[in-house]
Amino acid sequence: MPRARLFLQRHQIDPHRTVKCRLSHGTRITPVSLSDGGRGIIEGREPIDATDGLITSHPGLFLYLITADCLPVLVVDPVQRVVGIAHAGWRGTAADIAGKLIRQMQMAYHVDPAHIHVLIGPAICSQCYEVGQDVRDVFQQQFAFDPKLIFSSKLNGKFDLDLIRANRLQLQAAGVPAAQIFETGICTKEYSDRYYSVRAEGLETGRFASVIGFTA
Ligand SMILES: [Zn+2]
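Residues numbered from 1 in each chain as written. Predicted model: local features only at pLDDT ≥ 70, side-chain atom pairs only at ≥ 80, totals over all residues. Heavy atoms only, no water.

Considering all chains together, one arrives at seven salt bridges under this definition. Salt-bridge contacts for R168 lead to E183; the nearest nitrogen and oxygen are separated by 2.8 Å. Here R168, found in helix α5 (residues 163–173), pairs with E183, found in strand β11 (residues 181–183); they are 15 residues apart in sequence, far enough to count as distant. Bridged by salt links that share partners, the residues R22, E46 and D49 form one connected network. (Salt bridge = Lys/Arg side-chain N within 4 Å of Asp/Glu carboxyl O. Helix = DSSP H or I, 4+ residues; strand = E, 2+ residues; numbered from the N terminus.)

Here the focus is unusual backbone geometry. One non-glycine residue, A50, lies in positive phi territory at about 50°. With respect to the helices and strands, the residue A50 is situated in the loop between β2 (29–31) and β3 (53–56). Notably, D69 is not glycine yet its phi reads approximately 100°, a positive angle. Look at D69 and you get buried, because its relative accessible area is 6%. (Buried < 20%, exposed > 50% of the residue type's maximum accessible area, 1.4 Å probe, protein only.)

Attention shifts here to the coordination of the zinc ion. Those protein atoms acting as donors to the zinc ion are C125 (SG), C128 (SG), C187 (SG) and E190 (OE), and they sit at 1.9 to 2.3 Å. Take C125: its relative accessible area is 14%, and that puts it in the buried class. (Donors = N, O, S within 2.8 Å, 3.2 Å for Na, K, Ca; no water.)

Once that is clear, we can look at the layout of surface pockets. Approximately 600 Å³ is the volume found for the largest pocket. Along the wall of the largest pocket there are 24 residues; nearest its centre are F7, Y64, R207, F208 and A209. For the lining of the largest pocket, the elements supplying multiple residues, two or more each, are α1 (3–10), β4 (62–67) and β12 (208–212). Per-element tally for the lining of the largest pocket: the top contributor is α1, with five residues. Its boundaries defined by the atoms lining it, the second largest pocket holds a volume of some 350 Å³. In this structure, the second largest pocket is lined by 18 residues; those nearest its centre are H25, A68, C70, H87 and V198. Elements with a minimum of two residues in the lining of the second largest pocket: β4, α2 (90–94) and α6 (198–201). (1 Å grid on protein atoms, 1.4 Å probe; cavity = no way out; pocket = protein on both sides within 12 Å on 5 of 7 lines; lining within 4 Å. Points joined across faces, edges and corners; volume = space filled by probe spheres on them.)

Another aspect to go through is the nonpolar core. Nonpolar side chains in soluble globular proteins generally cluster together in the buried interior. Within the largest apolar cluster, 42 residues are counted, with the highest numbers of intra-cluster contacts made by V118, F139 and L161. Secondary structure elements with two or more residues in this core: β5 (71–77), β6 (82–88), α2, α3 (97–109), β7 (117–120), α4 (133–142), β10 (159–161) and α5. In terms of residue count, α3 provides more of this core than any other element does, six residues in total. Apart from the residues lying within four places of it in its own chain, the contact partners of V118 are V73, L74, V75, L171, V176, Q180, I181 and F182. The next biggest cluster of nonpolar side chains, apart from the first, holds 13 residues, and it includes V19, L63, L65 and I85. (Core = buried A, V, L, I, M, F, W, Y, C linked by side-chain atoms within 4.5 Å. Contact = heavy atoms within 4.5 Å.)

What follows covers the sheet that holds β7. Read across the open sheet, the six strands follow the order β2-β3-β6-β5-β7-β11; overall the sheet is mixed. The open sheet has two edge strands with one neighbour each: β2 and β11. Strand-to-strand twist across the sheet, computed as the mean angle between neighbouring axes with direction ignored, equals 15°. In this sheet, β7 lies alongside β5 in antiparallel orientation, the contact comprising four bridges. When the sheet's bridge partners are listed, V75 is paired in β7 with V118. Sheet strands touched by α3: β2, β3, β5 and β6. Its angle to β6, the strand with the most contacts, is close to 155°. On top of the sheet, α5 reaches β5, β6, β7 and β11; it is set at about 165° to β11, its chief contact. (Pairing = 2+ DSSP bridges. Axes fitted to C-alpha atoms, helices over the stretch in contact; angles between N-to-C directions.)

Laid out in structure tokens, this is it:
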């Protein structure tokens, strides 16, 4: 049995009610419904293409995302019973995918951001995420906040980038209360034995899954 199916089975989640997207490091977020169940999970069912975020208001439908260092951003509004998930690497973060996820939930399902709770899953920490001037330049152009808040200069001319803080700033700017944004404190690079890390193991390494949904 494919590992995705095993994982879902172990958590008693119906693979025919689970949806996966094919990531593109963009900011497209796609609302999904019951007819999308099984896409990217069941053999012969194509994932939602070129999409880095999924949202749904259907209880019993689960959103499935794979990452290795990038941030899995899991979002729930327990009042309207709406969930969302997004993949935030540095490109998605520079383009405010987390903020876009919240705004799209507002538009599609009339969610109040004040009700939203967020979990940022295991992801690479700032001490492990060295980037060059090229990445800083992209943030300088696109990021709404002072890049000094998320970049720290190093003696070798490079920078440490705090993607988790960047996403927190964006979620708060979109109206999510700071006290409702949680993180695991687990760095994928430091715990690459338990999770997967592209920085520690290369692009060909595996990916681990994050899943969110309401039981029907
Ligand atoms: Zn780390």
